[in-house]
Amino acid sequence: MATRSNSVPRSRAPRRDALRNDTVLINSARAVFAEQGPNASMESIASRAGLGVGTIYRRFASKDALLDAIAQLFAEEMDHAATAALEDPDPGTGLEGFLEFVGVFNAEKRRYAAALTDRVVSEDVSAQTAEKVRQLTQKAVNAGVLAPGTTGDDIKALIIALRGVVSASPDGDDNAWRRFLRIHLTGLRTNR
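Fair warning: this is a prediction, and the values are worked out from it, not measured in the lab.

1. Some points on the packing of helix α5 (residues 91-108) against helix α8 (residues 152-168)
And then number 1: The N-to-C vectors of α5 and α8 enclose an angle of 30 degrees; their axes lie 9 Å apart at closest approach. Helix-helix and strand crossings are classified by hand; for α5 and α8 the assignment is right-handed. On the side of α5, the interface is formed by Leu95, Phe98, Leu99, Val102, Gly103, Asn106 and Ala107, while α8 contributes Ile155, Leu158, Ile159, Leu162, Arg163 and Val166.
And then number 2: In the contact of α5 with α8, the residues fall into 10 nonpolar, two polar and one charged.

2. A word on the pattern of salt bridges
And then number 1: Under the counting rule described, the total for this entry stands at eight salt bridges.
And then number 2: For the salt bridge of Lys132 with Asp79, the shortest nitrogen-to-oxygen distance reads 3.0 Å. A residue pair is termed long-range when its members are at least 10 positions apart, and Lys132 in helix α7 (residues 123-142) and Asp79 in helix α4 (residues 63-87) qualify at 53 residues. By the burial criterion, Lys132 is buried, and Asp79 matches it.
And then number 3: With a shortest N-O distance of 2.2 Å, Arg178 and Glu100 are connected by a salt bridge.

3. With respect to the confidence of the model for the chain
And then number 1: Across the chain, the average pLDDT comes to 87, with 88% of residues at 70 or higher.
And then number 2: The lowest-confidence element of the chain is helix α6 (residues 113-117), averaging 78 in pLDDT; the highest-confidence one is helix α2 (residues 42-49), averaging 95.
And then number 3: Counted against residues more than four places away or in other chains, residues 1-5, with its pLDDT under 50, gives zero contacts.

4. Let's talk about the packing of aromatic side chains
And then number 1: Scanning all chains against the criterion turns up four aromatic pairs.
And then number 2: Judged by centre distance (5.5 Å) and plane angle (40 degrees), the ring pair of Phe33 and Tyr112 falls under tilted. Of this pair, Phe33 sits in helix α1 (residues 16-36) while Tyr112 sits in the loop between α5 and α6, placing them 79 residues apart in sequence. Take Phe33 and Tyr112: they sit in the same class, and that class is buried.
And then number 3: An aromatic cluster is present here, built from Phe33, Phe74, Phe101, Phe105 and Tyr112 joined pairwise through their rings.
And then number 4: Here the guanidinium or amino end of Arg59 rests over the ring plane of Phe60, the centre of that ring lying 4.6 Å away.
And then number 5: Sitting over the face of the ring of Phe74, Lys109 holds its NZ or CZ atom 4.8 Å from the ring centroid.

Thresholds, definitions, all that
Residues numbered from 1 in each chain as written. Predicted model: local features only at pLDDT ≥ 70, side-chain atom pairs only at ≥ 80, totals over all residues. Heavy atoms only, no water. Axes fitted to C-alpha atoms, helices over the stretch in contact; angles between N-to-C directions. Helix = DSSP H or I, 4+ residues; strand = E, 2+ residues; numbered from the N terminus. Left-handed = near helix turned anticlockwise from the far one by under 90°. Contact = heavy atoms within 4.5 Å. Nonpolar A, V, L, I, M, F, W, Y, C, P; charged D, E, K, R; others polar. Salt bridge = Lys/Arg side-chain N within 4 Å of Asp/Glu carboxyl O. Buried < 20%, exposed > 50% of the residue type's maximum accessible area, 1.4 Å probe, protein only. pLDDT = per-residue confidence, 0-100. Phe/Tyr/Trp six-rings, centres within 6.5 Å; stacked < 30°, edge-to-face > 60°. Lys NZ or Arg CZ within 6 Å of the ring centre and 35° of its normal.

Put into structure tokens, the structure is as follows:
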């Protein structure tokens, strides 16, 4: 007589086609939200993705669930950008590159950035990113790129202000936030 195993059943890994659909779906949702804002229909997203609406709802119970997933992905992308900036051997270039990423990142999402702001994202990821920005700032101060006393909170405030400038600018006009960033970075630099 065969004995039953008392092992806990393992959950199956997602199928390859399900993973591919998730990627296509998320990328399509990002593009549709960028064009139409957060009121875009799930049907528009499904059409862009070349998938049925039922496929979306099997993966994401609602548009809010889809926006939550996108917000989490954005938090992870921001963290990766902070990591890359921190790894740059030139702290000034790393900081500028990160802030440029933040500007472009917000400009691409300007139509639905507000819908993402209030989304719950992993506090661990947010804390990691904030720590990386603090380290990046300190590295730039230590290298003499930023004025002594400049803190990660100063850069965080700059990022928040940058979001505001992006949201107040007309679609497709990146001049305002780029000018704003250039002026503020100049103000934070040391006078050599």
